[in-house]
Amino acid sequence: MLRRMLGGGEGSPFGAGGLDPEQLKNMGIDMDPAMMQQMMMAFQSAMSGQGDGISWDSARVGALHVANQESRGVTSGQRTDLDQAFHLADLWLSEATSIAPTGEAPLVLTRGDWVERTLPVWQEMAEPVAESIADALTEALRTQAPEEMQQMVQSASRMLRQVGGTLFATQLGQVVGRLSKEVVSGGDVGIPVMPAGVAAILPQNFADLGHGLEIPDDQLALYFAARELAHARLFKHAKWLRLHVMSQVTDYARGIHVDTEALEELAGRFDPSNPEELQEALQSGALLPQQTEAQQAALARLENMLALIEGWVDVVAAEATGRVPSLDRIAEATRRRRAVGGPAQDALGALVGLQLRPRRLREAAAMWRAVGDAVGQGDRDALWDYPDLVPTAEDIDDPSALIARLEAAARGDAAPRDEMDDALARLLAEESDGTDDEPGGPRPV
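Residues numbered from 1 in each chain as written. Predicted model: local features only at pLDDT ≥ 70, side-chain atom pairs only at ≥ 80, totals over all residues. Heavy atoms only, no water.

Novice: What is the right way to read the environment of Ala333 from this model?
Specialist: Relative to the helices and strands, Ala333 is located in helix H14 (residues 327-339). In this structure the C-alpha to C-alpha distance between Ala333 and Gly210, which are 123 residues apart in sequence, comes to 10.0 Å. (Helix = DSSP H or I, 4+ residues; strand = E, 2+ residues; numbered from the N terminus.)

Novice: Explanation requested: the packing of aromatic side chains in the structure shown.
Specialist: For any two aromatic rings, the description comes down to two numbers: the centre-to-centre distance and the angle of the planes. Per the counting criterion, the structure on display carries three aromatic pairs. Residues Trp368 and Trp384 carry aromatic rings whose centres are separated by 5.4 Å and whose planes lie at 25 degrees to one another, so their mutual orientation is stacked. On the criterion of sequence distance, the pair formed by Trp368 in helix H16 (residues 358-375) and Trp384 in the loop between helix H17 (377-381) and helix H18 (393-397) is long-range, its members being 16 residues apart. Overall, Trp384 belongs to the buried group, its relative accessible area being 0%. An aromatic cluster is built from Phe206, Tyr223 and Phe224, whose rings are joined through pairwise contacts. (Phe/Tyr/Trp six-rings, centres within 6.5 Å; stacked < 30°, edge-to-face > 60°. Buried < 20%, exposed > 50% of the residue type's maximum accessible area, 1.4 Å probe, protein only.)

Novice: How should I be thinking about the pattern of salt bridges in this particular structure?
Specialist: Once the charged atoms of two side chains with opposite charge are near each other, the side chains can pair. If you walk through the whole model with that rule in mind, you get 12 salt bridges. A salt bridge links Asp208 to Arg111; the shortest N-O distance between them is 3.5 Å. Separated by 97 residues along the polypeptide, Asp208 in helix H8 (residues 203-210) and Arg111 in helix H6 (residues 111-144) bring together distant segments of the chain. Two residues, Arg380 and Asp381, come together in a salt bridge whose shortest N-O distance is 2.8 Å. Salt bridges linked by common partners bring Arg227, Glu310 and Asp314 together as one network. (Salt bridge = Lys/Arg side-chain N within 4 Å of Asp/Glu carboxyl O.)

Novice: What is the right way to look at the environment of Ala105 in this model?
Specialist: Considering the arrangement of structural elements, one finds Ala105 in the loop between helix H5 (76-96) and strand E1 (107-108). Along the primary structure Ala105 and Phe86 are separated by 19 residues, whereas in three dimensions their C-alpha atoms are 9.3 Å apart.

Novice: What is the right way to read H8 from this model?
Specialist: For an α-helix, 3.6 residues make a turn, and residues three or four places apart therefore share a direction. For H8, the buried fraction is high: six of the eight residues fall into the buried class. Listed as buried for H8 are Pro203, Gln204, Asn205, Phe206, Leu209 and Gly210. Looking one or two places after H8, you find Gly212, whose phi comes out positive at around 90 degrees.

Have a look at this one:
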């Protein structure tokens, strides 16, 4: 593919031997000629670059190119209506949660505005994967080149890394650009792509979402404003939360390595006139090895945390908008949208191979609802104060032990003992008497 793109006849990427844009479209990379020309300029820049880092300019240009297609500006009427929805939803939200308002003015964004504000976060998540792809390209070239060409390969490796990184940056721009046409609000993705405490709604996408639902726009706006403000309040209150989520994503992404053997096998039989096999390999993850144990652990932690965040937002937003007549229908439409694969699943799956399970979200929402019913919203929301207070995966599965601890703390009683307490007591006892459970007497110091 690189040979065809960079080696087109008569100096043009579309000349004889060059890559046909229609072939890229069949491979899932839908670009018009202008975007293709911009990508080729990015490749030329990468080949002439002096640094080892990846240039992300092509990601920004590509994302804005896609986002601004059929994009409409924000009218004064839309801004007024959404400002009113945010104001009323903020008042209702203060009755449903003890977490304070953010003090930040909510934003009403165009698709291009959303790209500009969120692209640094997508770049942060995608960079480990881009580095892995670049490493795979240079390793494949090094192992395939004959001995007499090894010195030349070493001198070309920096250029090839930049070209590989630029190729991935171009893919990132396409993903983020398409995502800008789907997301309704800043928290719609699930991960914190907006700055902490900032709420935002995209009125063009919000209007598209309302088509066919037969739900009054003002009721739909109140529900999504409440969800967005709840998300913003949570991340503003729990200052540790954003770093925690992003570190889980990057921990998973750093473990990704491209299977160069599978890539070489596919390249050996690749027919440019019939690119469906390559498209299937890219979309199915066939070029990514099986997840490592560390990746599986990071994925489980991330799934649980995102489920806890979105479950809490679901419960609080539903409580705040209980006055909305169409609440049940709106919540059901939101669940259906999430079940068929929301923006988060699509974007994270394309960029870092993450497949998040909506099932955990429903279970987490049920847990938060049970905790709130048992101990009230104040004690429920206080679980976000520190990382070690946040419910665990076991609490999501069965919240009874968590509720018992919170109820005991509210009464001023000692919390019920659990397996962790027993294990800690045994450890302290062993330390105090210098013995352990194993035969052989005192433990060596």
